[in-house]
Amino acid sequence: MIQRYAAFFRGWAQAFGEHRSLGDPAAGMRWLVGDDQVGLILNPGLKRLLYPLFLYRSELAAPTAMLRPDGLVIDTTLIPLVGAAPTPLSQILELIGRPGPLHLYQTYHLIYPSGTRILTLSARAPLPILYRELAPVRLLIEEPTGDPPAPPDSGLN
């Protein structure tokens, strides 16, 4: 289970902090990797898909997500986690393997254009003055097999 949070006011977010950037912005995927967190920059397609599912001010249960060797699957949409080195997947697995709770919330960073938002998975809880708790996300982990995974639909762009 991953605790998720929504900002009390639209547009509020805490800073992501120090990180290295991975991925291909031209392909629509940019990952930020820090010591205690990993973030996905929300391009317009990702924002339309993920914001209502994970960051909306609702007490409804969040969808179940599945972490597979090729990416994160939410409903029928695959968010790829491969292609960058070191992979965002390895950082996510490291966070999951640590003792203690995980937290999912929206952040920003000053070096990216105004309005850029980052979906952040962190070992650290967000600032309680900015965020309120929502129902947690259930994360399933699929163990790698020898068979290639079936590609789900992509709703990223």
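Notes on the structure in this doc start here. (Residues numbered from 1 in each chain as written. Predicted model: local features only at pLDDT ≥ 70, side-chain atom pairs only at ≥ 80, totals over all residues. Heavy atoms only, no water.)

1. What about the environment of Leu 53?
On the secondary structure map, Leu 53 appears in helix 1 (residues 44-55). In sequence terms Leu 53 and Ile 74 are 21 residues apart; their C-alpha atoms lie 9.1 Å from each other. (Helix = DSSP H or I, 4+ residues; strand = E, 2+ residues; numbered from the N terminus.)

2. Some points on the packing of aromatic side chains
On inspection of all chains with the given rule, the structure shows 3 aromatic pairs. Look at Phe 9 and Trp 12: their rings are 4.6 Å apart centre to centre, the planes differ by 55°, and that puts the pair in the tilted class. Classification of Trp 12 by relative accessible area gives partly exposed; the value is 37%. An aromatic cluster is built from Tyr 5, Tyr 105 and Tyr 131, whose rings are joined through pairwise contacts. (Phe/Tyr/Trp six-rings, centres within 6.5 Å; stacked < 30°, edge-to-face > 60°. Buried < 20%, exposed > 50% of the residue type's maximum accessible area, 1.4 Å probe, protein only.)

3. A word on a nonpolar patch on the surface
Together, Phe 8, Phe 9 and Trp 12 give the surface a local cluster of nonpolar side chains, amounting to about 300 Å² of exposed area. With respect to the helices and strands, Phe 8 occurs in the loop between strand 1 (2-7) and strand 2 (14-15). (Patch = residues over 30% accessible without salt bridge, like charges linked within 9 Å, V, L, I, M, F, W, Y side chains within 5 Å. Areas by Shrake-Rupley, 256 points an atom, 1.4 Å probe, with all protein chains shown as cover. Salt bridge = Lys/Arg side-chain N within 4 Å of Asp/Glu carboxyl O.)

4. Some thoughts on the pairing of strand 6 (residues 65-68)
One ladder, built from 4 bridges, connects strand 6 with strand 7 (residues 71-74); its direction is antiparallel. By the bridge assignment for strand 7, Leu 67 is matched with Leu 72. The hairpin turn running from strand 6 into strand 7, its antiparallel successor, is 2 residues long. Sheet topology note: the strand 6/strand 12 (residues 139-141) ladder contains 3 bridges and is parallel. Across the sheet, residue Ala 65 finds its bridge partner in strand 12, namely Leu 139. (Pairing = 2+ DSSP bridges.)

5. Considerations on the nonpolar core
If you look at the biggest cluster of nonpolar residues, it comprises 23 residues, and the most contacted ones within it are Trp 31, Leu 50, Ile 79 and Leu 121. Of all the secondary structure elements, the ones that give two or more residues to this core are strand 4 (29-33), strand 5 (37-41), helix 1, strand 6, helix 2 (88-97), strand 9 (102-108) and strand 10 (118-122). Within the second largest apolar cluster, 6 residues are counted, among which are Tyr 5, Ala 13, Tyr 105 and Tyr 131. (Core = buried A, V, L, I, M, F, W, Y, C linked by side-chain atoms within 4.5 Å.)

6. Topic: helix 2
Every buried residue belonging to helix 2 is among Pro 88, Leu 89, Gln 91, Ile 92 and Leu 95, and all of these are buried. Angularly, the buried residues of helix 2 cover 160° about the axis, an arc narrow enough to put them on a single face. (Arc of directions from axis to C-beta.)

7. Description of the sheet that holds strand 12
With respect to topology, 4 strands assemble into an open sheet ordered 8-7-6-12, the strand pairing being mixed. Of all the strands in the sheet, the pair left with one neighbour each is strand 8 (77-80) and strand 12. With direction set aside, neighbouring strand axes in the sheet form an average angle of 25°. (Axes fitted to C-alpha atoms, helices over the stretch in contact; angles between N-to-C directions.)

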